[in-house]
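# Structural description and commentary
Below are the chains, spelled out letter by letter.
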Amino acid sequence: MNCKITGKKINPFMSFGKMPIANGFIEKKDFRDEFFFNMEVGFNEDISLFQLNDHPKPEKMFNKDYPFFTGSSEYMKKHFKEYANFVKNYLNSNSKIIEIGSNDGTFLKNFITQTNNVIGFEPSESVANVAKKSNVPTITKFFNKSNVKDLNKYLGQTDLICASNVICHVPNLNDLIETIDLLLSSNGTFVFEEPYLGSMFEKISYDQIYDEHIYMFSASSISKIFKRFDFELVDVFPQITHGGSMRYIVKRKGKINISSNVEKIIETEKKKDLDKINSCLNFKKNCENSKSKILKKLIDLKNLGNSICGYAATSKSTTILNYCNIDTQLIDYICDTTKEKIGKFSPGMHIPIVDMKHFYNNVTDYVYLFAWNHKEEILKKEKDYKGKWISHVEL
Ligand code: TMP
């Protein structure tokens, strides 16, 4: 594969095998035509970037059927409220704000009362329509140079561009950063949060890797990538969301002093070899061990006569189920709160997705927590569940 940023050829260091679209919850009638791709990952040492070898076209994932709604998690709603307060440091009363991948408007809603200078870019109609209904100005298109060129009011005048769990979805980062360059005011700030490579390696949470996550960033990679476009990583703030994320603050070069946080984290990443392929090779071994361990656990539990279900039909679960080859012989059903997923089947392994009533009426001995990153919220909600919780990551 060629690195999407440097154009340089890199060889995959690991394959997760045949993978369907992570959010491609499917009806029985469509099983025969299900789309699969070979999920391999590689590492570009020039810019310390962990990336997918190949990925489906974004239009295949972000469309009218995209089923992930930010507002479905109370915890994430709270997180976005705090995030909105944090970014106010980079705003004045007239500032224009753009969010890339604004989903159902959960984040931008926090600004609507103060300013009308807000736009969200959200290509997935399913979620964009919810944002529009909440009066969040939303452009139902991908964020790219061609789609911003007529936004005269915003060109060179946007003080804040934000994104959350979106930049790792964008194949053409060159175009993305050039688009930011077109819009950002001279002292403007680009703030974004992404799942963090260091956390994924530590937790062996390989389920962070799926079609939508083309990249897994670190401070080292972000700093190197943005430098190529005359931008600077000026601060970083670790987050606990999504099992370990990083909030990156980027400005045009030379605008403010770079925080000591940046130097510290890049030093730590060097010590852990996160800027080199060695850490990836170690991760590969850890993934293989994790797969054997969880499969053995599920098979042993089944052989002892236990029933097992899954909790939350996450996009991450698609990687676990397909990589470990877990189907209805091991997991009876997966319960979820999202009406767009209920009644369908999990991508690739075709485990039925059911509503929460089914979970309460068909109590299993064990439950695999696929939304392990929402553990606190879920365990609190399900404190009356009598069975045991399991997962491939530590709970
Ligand atoms: P994601 O990990 O791909 O973002 O998806 C999260 C899924 O988890 C989404 O389908 C909603 C579901 N979910 C529940 O069913 N119950 C919950 O309590 C939470 C927090 C999420």
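Preceding block: the structure.
My aim in this report is to walk through the structure given alongside it, one point at a time.

A few words now on the overall build of the chain. The secondary structure content of the chain amounts to 13 helices and 16 strands. Whereas a compact globule of 395 residues would reach a radius of gyration of roughly 21 Å, the chain reaches 21 Å, a difference of no more than 12%. Viewed in the frame of its principal axes, the chain has a C-alpha envelope of about 65 × 45 × 40 Å. Taking contacts inside the chain between residues at least 6 apart in sequence as the whole, the part at least 24 apart equals 69%. For the chain, the exposed area adds up to about 17200 Å²; of that, 48% sits on carbon and sulfur atoms. Counting 54 positive and 48 negative side-chain charges, the chain places the centres of these two groups 1 Å from one another.

A word on the site of the ligand. Around the ligand, 15 residues are found, and the nearest of them are Phe68, Ser315, Asp336, Lys341 and Lys381. Contact with the protein chains removes 97% of the 490 Å² of surface that the ligand exposes when unbound. Contributions of two or more residues to the shell around the ligand are made by α11 (315–323) and α13 (375–381). The class makeup of the residues in the shell around the ligand is five nonpolar, five polar and five charged.

Attention shifts here to the pairing of strand β4 (residues 96–100). Buried residues dominate β4, accounting for five of its five residues. In β4, alternate side chains face the same way, and those of Lys96, Ile98 and Ile100 on one face and Ile97 and Glu99 on the other are all buried. When β4 meets strand β7 (residues 158–164), the two strands line up parallel, connected through five bridges. Bridge assignment links Ile97 to a residue of β7, and that residue is Leu160. Note: β4 against strand β5 (residues 118–121), four bridges, orientation parallel. Across the sheet, the residue bridging to Ile100 is Phe121, located in β5.

The next subject is the packing of aromatic side chains. Within this structure, the stated rule accounts for 27 aromatic pairs. Between Tyr385 and Trp389, the ring centres sit 5.4 Å apart and the planes meet at 70°, which makes this aromatic pair edge-to-face. Ring pairs connect the aromatic residues Phe190, Phe192, Phe226, Phe231 and Tyr248, which therefore count as one cluster. One cation-aromatic arrangement involves Lys18 over Phe36; the distance from NZ or CZ to the ring centre is 4.3 Å. If you follow Lys291 out to its NZ or CZ, it ends over the ring of Tyr323, 4.6 Å from the centre.

Let us now look at the nonpolar core. Formed by 87 residues in total, the largest nonpolar core has its most connected members in Phe16, Phe50, Ile100, Phe190, Phe217, Tyr248 and Ile331. Here this core takes seven residues from helix α10 (residues 277–303), the largest share from any one element. If sequence neighbours within four positions are ignored, Phe190 has contacts with Ile100, Ile161, Ala163, Ile167, Ile180, Leu184, Phe226, Tyr248, Ile249 and Val250. Among the nonpolar cores identified, the runner-up in size contains 18 residues, and Phe80, Val87, Leu160 and Ile249 belong to it.

A word on unusual backbone geometry. Unlike most non-glycine residues, Asp273 shows phi in positive territory, near 65°. Counting through the fold element by element, Asp273 comes out in the loop between α9 (260–271) and α10. The class for Asp273 is partly exposed, based on a relative accessible area of 24%. Phi angles above zero are rare outside glycine, and Asn325 is one such case at about 60°. According to the relative accessible area criterion, Asn325 is exposed, its value standing at 53%.

Rules used throughout
- Residues numbered from 1 in each chain as written.
- Predicted model: local features only at pLDDT ≥ 70, side-chain atom pairs only at ≥ 80, totals over all residues.
- Heavy atoms only, no water.
- Helix = DSSP H or I, 4+ residues; strand = E, 2+ residues; numbered from the N terminus.
- Rg over C-alpha atoms; globule rule 2.2 N^0.38 Å.
- Contact = heavy atoms within 4.5 Å.
- Areas by Shrake-Rupley, 256 points an atom, 1.4 Å probe, with all protein chains shown as cover.
- Lys, Arg positive; Asp, Glu negative; His and termini not counted.
- Charge placed at Lys NZ, Arg CZ, Asp CG, Glu CD.
- Near = heavy atom within 4 Å.
- Nonpolar A, V, L, I, M, F, W, Y, C, P; charged D, E, K, R; others polar.
- Buried < 20%, exposed > 50% of the residue type's maximum accessible area, 1.4 Å probe, protein only.
- Pairing = 2+ DSSP bridges.
- Phe/Tyr/Trp six-rings, centres within 6.5 Å; stacked < 30°, edge-to-face > 60°.
- Lys NZ or Arg CZ within 6 Å of the ring centre and 35° of its normal.
- Core = buried A, V, L, I, M, F, W, Y, C linked by side-chain atoms within 4.5 Å.

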